[in-house]
Amino acid sequence: GTLGAFRLAASAIGDKPMIIVLGDILFSFNLLSVYRRFLQSNAKLGLVVHPNSHPFDSDLAITTWPAKRIDSISFKSQHRDDSLPINNLAIAGVYFFDGASVVAIPDVSGDFVRDFVALEIAQNPGSVIALNTVHLCMDVGTHDRLERAEKLVRILENRGKWQSKLRVLFCD
């Protein structure tokens, strides 16, 4: 799972604030701007969340407004009543940590959101916030999703709405 990788990164960082972006995420929001929002919040953890086109097969942040704190997580593996309206704030795979929460990541295997973030929410209400964005944020972890993302980026480039000022290479 992802928890071991987060712990490994945390052990290299120490007690300094940290940003982790999953390697199969394509996004168009300004990472520095969102990081500043996180720092101003004084939260321990911040999760970028966004509305998506498939909320019934996504992990969703359940929030309290206007405070934007995450009260719980509705996991895609849980049964959901399709007749009820749901909070469409999908967890995007971009995470912000203060220094103390970096040190608290346990040295065990498991899923980061399920086995660490959900526990943090339960043990320390209000310590995890939703960093909302309506900018492009796509999981490109499959061949089909990557092809859709490439087409979308080409369309946005042609319309002058996609500008990449920073080239990043993610290695897995």
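Notes on the structure follow.

Criteria and thresholds
Residues numbered from 1 in each chain as written. Predicted model: local features only at pLDDT ≥ 70, side-chain atom pairs only at ≥ 80, totals over all residues. Heavy atoms only, no water. Helix = DSSP H or I, 4+ residues; strand = E, 2+ residues; numbered from the N terminus. Expected span 1.5 Å × (residues − 1). Buried < 20%, exposed > 50% of the residue type's maximum accessible area, 1.4 Å probe, protein only. Arc of directions from axis to C-beta. Polar contact = N/O pair within 3.5 Å; in protein donor to acceptor, adjacent residues only side chain to side chain. Phe/Tyr/Trp six-rings, centres within 6.5 Å; stacked < 30°, edge-to-face > 60°. Lys NZ or Arg CZ within 6 Å of the ring centre and 35° of its normal. Salt bridge = Lys/Arg side-chain N within 4 Å of Asp/Glu carboxyl O. Axes fitted to C-alpha atoms, helices over the stretch in contact; angles between N-to-C directions. Contact = heavy atoms within 4.5 Å. Nonpolar A, V, L, I, M, F, W, Y, C, P; charged D, E, K, R; others polar. Lys, Arg positive; Asp, Glu negative; His and termini not counted. Core = buried A, V, L, I, M, F, W, Y, C linked by side-chain atoms within 4.5 Å. Pairing = 2+ DSSP bridges.

**Describing helix 4 (residues 112–123)**
If you check helix 4, its first and last C-alpha atoms are 16 Å apart, about what 12 residues at 1.5 Å a residue would give, namely 16 Å. Every buried residue belonging to helix 4 is among Phe112, Val113, Phe116, Val117, Glu120 and Ile121, and all of these are buried. Down the axis of helix 4, the buried side of the element spans an arc of 130 degrees, and every buried residue falls inside it. Across helix 4 from its buried face, at more than 90 degrees, point the exposed residues Ala122 and Gln123. Between a side-chain oxygen at the N-terminus of helix 4 and the backbone nitrogen of Val113 the separation is 3.2 Å; the capping residue is Asp111.

**With respect to the packing of aromatic side chains**
Scanning all chains against the criterion turns up 7 aromatic pairs. Through successive ring pairs, a cluster of aromatic residues spans Tyr95, Phe97, Phe112 and Phe116. The ring of Phe75 carries Arg114 above its face, with NZ or CZ at 4.0 Å from the centroid.

**Details of the pattern of salt bridges**
Taken as a whole, this structure holds 3 salt bridges when the rule is applied. Two residues, Lys44 and Glu120, come together in a salt bridge whose shortest N-O distance is 3.2 Å. Residue Lys44 is located in the loop between helix 2 (31–41) and strand 3 (45–50), and its partner Glu120 is located in helix 4; the two are separated by 76 residues in the primary sequence. We note a salt bridge from Arg69 to Asp71, for which the minimum N-O separation is 2.6 Å. According to the relative accessible area criterion, Arg69 is partly exposed, its value standing at 33%. Exposure remark for Asp71: the relative accessible area of 31% places this residue in the partly exposed category.

**Quick word on the packing of helix 1 (residues 2–13) against helix 4**
When two helices pack together, you describe them by how their axes are tilted relative to each other and by the distance separating the axes. Relative orientation of the contacting elements helix 1 and helix 4 amounts to 65 degrees, with a least axis distance of 7 Å. Of the residues in helix 4, those touching helix 1 at Thr2, Leu3 and Phe6 are Phe112, Asp115 and Phe116. Per-class residue counts for the contact of helix 1 with helix 4 are 4 nonpolar, 1 polar and 1 charged.

**Considering the side chain of Asp59**
You can see Asp59 is positioned in the loop between strand 3 and strand 4 (60–64). Buried within the structure, Asp59 lacks any salt-bridge partner; its nearest side chain of opposite charge belongs to Lys76, at an N-O separation of 5.1 Å. For Asp59, the side chain forms a polar contact with the main-chain nitrogen of Lys76, separated by 2.8 Å.

**Thoughts on the nonpolar core**
Ranked by size, the top nonpolar core spans 24 residues in total, and within it Phe97, Ile105, Phe112 and Val117 carry the most contacts. Listing elements by their share of this core, those giving two or more residues are helix 1, strand 1 (18–21), strand 3, strand 5 (69–74), strand 6 (90–97), helix 4 and strand 7 (128–132). In terms of residue count, helix 4 provides more of this core than any other element does, 5 residues in total. Not counting residues within four places of it along the chain, the set of residues in contact with Phe112 comprises Thr2, Leu3, Phe6, Tyr95, Phe97, Ile105 and Val117. Phe29, Ala92, Phe96 and Leu131 belong to the second largest nonpolar core, which has 14 residues in total.

**Structural notes on the pairing of strand 3**
Burial analysis of strand 3 places 6 of its 6 residues in the buried class, the great majority of the element. Here strand 3 runs beside strand 6; their pairing, made up of 5 bridges, is antiparallel. Across the sheet, Val49 pairs through a bridge with Ile91, a residue of strand 6. Bridge count between strand 3 and strand 7: 5 bridges; the pairing is parallel. Opposite Leu47, over in strand 7, you have Ala130 as the bridge partner.

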